[in-house]
Amino acid sequence: MADFVIKPGAGVSNKLILKTQDNTPVLTTSASGVALDKVSSLVLTPTATASAPSGSEGALYYDSDKDALQYYDTAWRSITTDISGGIVTTYSGYKVHTFVSSGTFFIDTPKTVDILAVGGGGAGGPASDSDSGGAGGGGAGALKISASYALPAGNYTVIVGAGATGRTSSEYGDSVRNWDGGESSLGTILISGGGGAGGRYSSGGSGVRVPTDNAKHGSNGLLGSSGGGGGGMATSSGGAASSPGFAGGAGADYSGGGGGGASENGTAGSGQTTGGSGGNGASNLYRTGVNITYCTGGGGGPYKSGTVGGGGGDSGGGNESQHMNYGGQGNGTREINASVGKHGGHAMPNTGSGGGGGGGGANSVSTEPRGNGGNGGSGIVVIRYST
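Residues numbered from 1 in each chain as written. Predicted model: local features only at pLDDT ≥ 70, side-chain atom pairs only at ≥ 80, totals over all residues. Heavy atoms only, no water.

**Brief notes about a nonpolar patch on the surface**
As a reminder, the rule being used: In this scheme, patches are assembled from residues that exceed 30% relative accessible area and form no salt bridge. Like charges are connected within 9 Å, while nonpolar side chains (Val, Leu, Ile, Met, Phe, Trp, Tyr) are connected within 5 Å. Note on areas: these come from Shrake-Rupley sampling with a 1.4 Å probe, and a residue is covered only by the protein chains present in the view. Put simply, a salt bridge is a Lys or Arg side-chain nitrogen that is within 4 Å of an Asp or Glu carboxyl oxygen. A run of DSSP states H or I qualifies as a helix once it reaches four residues; a run of E qualifies as a strand once it reaches two. Both are numbered from the N-terminal end. Throughout, exposure labels follow a simple rule: accessible area from a 1.4 Å probe, protein chains only, divided by the maximum for the residue type, with under 20% read as buried, over 50% as exposed, and the rest as partly exposed.
A surface patch of nonpolar side chains, about 320 Å² in accessible area, is lined by Leu-44, Leu-60, Tyr-71 and Ile-79. With respect to the helices, strands and loops of the structure, Leu-60 is situated in strand E4 (residues 60-63). Residue classification places Leu-60 among the partly exposed residues on the basis of a relative accessible area of 47%.

Structure below.
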C-alpha cells in the first residue's frame, strides 16, 4: 500500500502536534526534530545482534542477545550501566573486574557474564623436626568457570581464598594438621574449594580435614580442589581429589609426593632419591585475553642433601630442571637459604597453586636442618562481559 502521510500545512512555523484526549501534547514536530512530551516510556522492539539495523549516528536499538540498549556512533555500542568492584580493566571487546582480595561486586541491571573462581592453594608439608623424611607438596585450589551466566542485578559478596601458610618443622608436631587453602566464591553462584595440604614424615593419621590429624597423608581436596601429596613414608597416601580436581601423589621411603594440579595427579615420591612432581594446572584467558595458568600442584620434598626436590606444576616454570638440596618447587620459586635448610618453594599469589614440601635430612637437625613447608598461592575471582 502507499505511505500514509500526515504533514503540517506550508509555512515555516507550522507544526504537527499530536495530543491526548484531554488536549495534552505528546509529540511536536519542528524544523530541528521531534519533541516528546508527557511520555512515560518508549518500547523498542528487541532485536538479535545478528539482525541489528545498519545504523547511523545517534540511532538506538535494544539488543536481545546482550540485554542492553545500543547506540551508534561509528559502530553499535552498549550504553554503560553501573557496574563496580574489583580491579577494572579492558581488552578487545571486554570489560573485566578482577578480585585479588575479597570485596563486593555491584551490577544495577541484569547482564550476561563469564566468571572464573580459583580457590587458594594448599601448603606444602614441613619436614619432621625429629625424623628424616621429606614432606608432600600442597594440592591446587579448585578452578571453576561459568561461561555466559545470566547474572541478575544486585550486590554480590566476593571471597578470595587465602593460600595456606606453610608451617615450620618445629611448630608442626605429629598431632597438628597442616593448613588447607581457603575457598573463593561469587555469592552463592560459584564456589571453589581450597587445595589440600601436603603430608609430612609421620607415624600415622588420615588425610581428611580434621585439625588434630596425624599428618603423614596428604589432605583431601574439597569443592573441586586437588589433594596434597603424601609425606615421605612408604605408607603415606596422597590426598583424594574433589571433582574436577586431581589427587596428590603418594609418599615413598623418605621422599614426599607431589600435590595434585587442576589437570593431572601429582606423582609419587621415588624412594630416597626424588620428591614427586606437582600436577600441571589449567589455563584461562578471562583476565587479560591471554591464557594464564592457574592451580598447579606443589612438588614433594626430598630426603636429604644430595637428593632432588620434586618440581612444581607448570605455572611458574615447574618443568625446568630439578635442583639438588632444596624442597619441592611449589610454583616456580624456592626459598634458598643454606643456613636454614631445604624449604619448600612458595606458590605465586593469585594462582591457587600448591606450596612445595619441605626437605628432610639424614643427619641431626643441628647439622642438617629440616625444611619448612611452602605457602600456597591465594585464589582469584574474575568477572568479564562484552562491551
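**Overview of the nonpolar core**
For the record, the criterion: We call a set of buried residues a nonpolar core when its members are Ala, Val, Leu, Ile, Met, Phe, Trp, Tyr or Cys and they connect through side-chain atoms within 4.5 Å of each other. Any two residues having at least one pair of non-hydrogen atoms within 4.5 Å are treated as being in contact.
Of all hydrophobic cores here, the largest spans 16 residues; its most connected members are Phe-99, Phe-105, Val-158, Leu-186, Val-381 and Ile-383. Only strand E10 (103-107), strand E11 (111-118), strand E13 (154-159) and strand E20 (380-386) provide two or more residues apiece to this core. Apart from residues lying up to four places away in sequence, Phe-99 is in contact with Gly-85, Gly-86, Thr-104, Phe-105, Val-158, Val-160, Ile-380, Val-381 and Ile-383. By size, the runner-up hydrophobic cluster in this structure holds 12 residues, among which are Leu-116, Ala-140, Tyr-286 and Cys-295.

**Thoughts on the side chain of Asp-63**
Inclusion rule: Polar contact criterion, stated in full: a pair of N or O atoms within 3.5 Å, where within protein one must be able to donate a hydrogen and the other to accept it, and residues adjacent in sequence count only if both atoms are side-chain atoms.
When you line up the elements, Asp-63 lands in strand E4. Reaching out from Asp-63, the side chain makes a polar contact with the side chain of Tyr-61 at a distance of 2.8 Å. At 2.8 Å, the side chain of Asp-63 forms a polar contact with the backbone nitrogen of Asp-65.

**Re the sheet that holds strand E5 (residues 68-72)**
Quick note on the threshold: Whether two strands pair comes down to DSSP finding at least two bridges between them. Only the stretch in contact is used when fitting a helix axis, every axis being a line fitted to C-alpha atoms; angles between N-to-C directions are given from 0 to 180 degrees.
Strand order in this open sheet of 3 strands is E4-E5-E6, and the pairing throughout is antiparallel. Pairing within the sheet leaves two strands with one partner each, and these edge strands are E4 and strand E6 (76-78). Strand-to-strand twist of the sheet, defined as the mean angle between neighbouring strand axes without regard to direction, takes the value 35 degrees.

**Quick look at the packing of aromatic side chains**
Worth spelling out the cut-off: The criterion for an aromatic pair is that two Phe, Tyr or Trp rings (for Trp, the six-membered ring) have centres within 6.5 Å, with stacked assigned to planes under 30 degrees apart, edge-to-face to planes over 60 apart and tilted to the rest.
By the definition in use, this model includes 4 aromatic pairs. Taking 4.7 Å as the distance between ring centres and 80 degrees as the angle between the ring planes, the aromatic pair formed by Tyr-61 and Trp-76 counts as edge-to-face. In this pair, Tyr-61 is assigned in strand E4 and Trp-76 in strand E6, connecting sequence segments 15 residues apart. For Tyr-61, a relative accessible area of 6% translates into the label buried. You can call Trp-76 buried: its relative accessible area is 18%. Judged by centre distance (4.6 Å) and plane angle (35 degrees), the rings of Tyr-254 and Tyr-303 are tilted. Within this pair, whereas Tyr-254 is found in the loop between strand E15 (190-192) and strand E16 (282-284), its partner Tyr-303 is found in the loop between strand E17 (292-294) and strand E18 (336-337), the two being separated by 49 residues in sequence. A relative accessible area of 22% places Tyr-254 in the partly exposed class.

**Looking at the confidence of the model for the chain**
Basically, it comes down to this: Confidence of the predictor in every single residue is expressed as pLDDT, which spans 0 to 100.
Scored by pLDDT, the chain comes out at a mean of 79, with 77% of its residues at no less than 70. pLDDT under 50 marks residues 204-213. Its contacts with residues more than four places away, or in other chains, come to 36 contacts.

**A closer look at the pairing of E13**
Pairing of E10 with E13 involves 5 bridges; the strand directions are antiparallel. Looking across to E13, one finds that Gly-103 is bridged to Val-158. With 2 bridges joining them, E13 and strand E14 (residues 184-186) adopt antiparallel strand pairing. Of the residues in E14, the one forming a bridge with Ile-159 is Ser-185.

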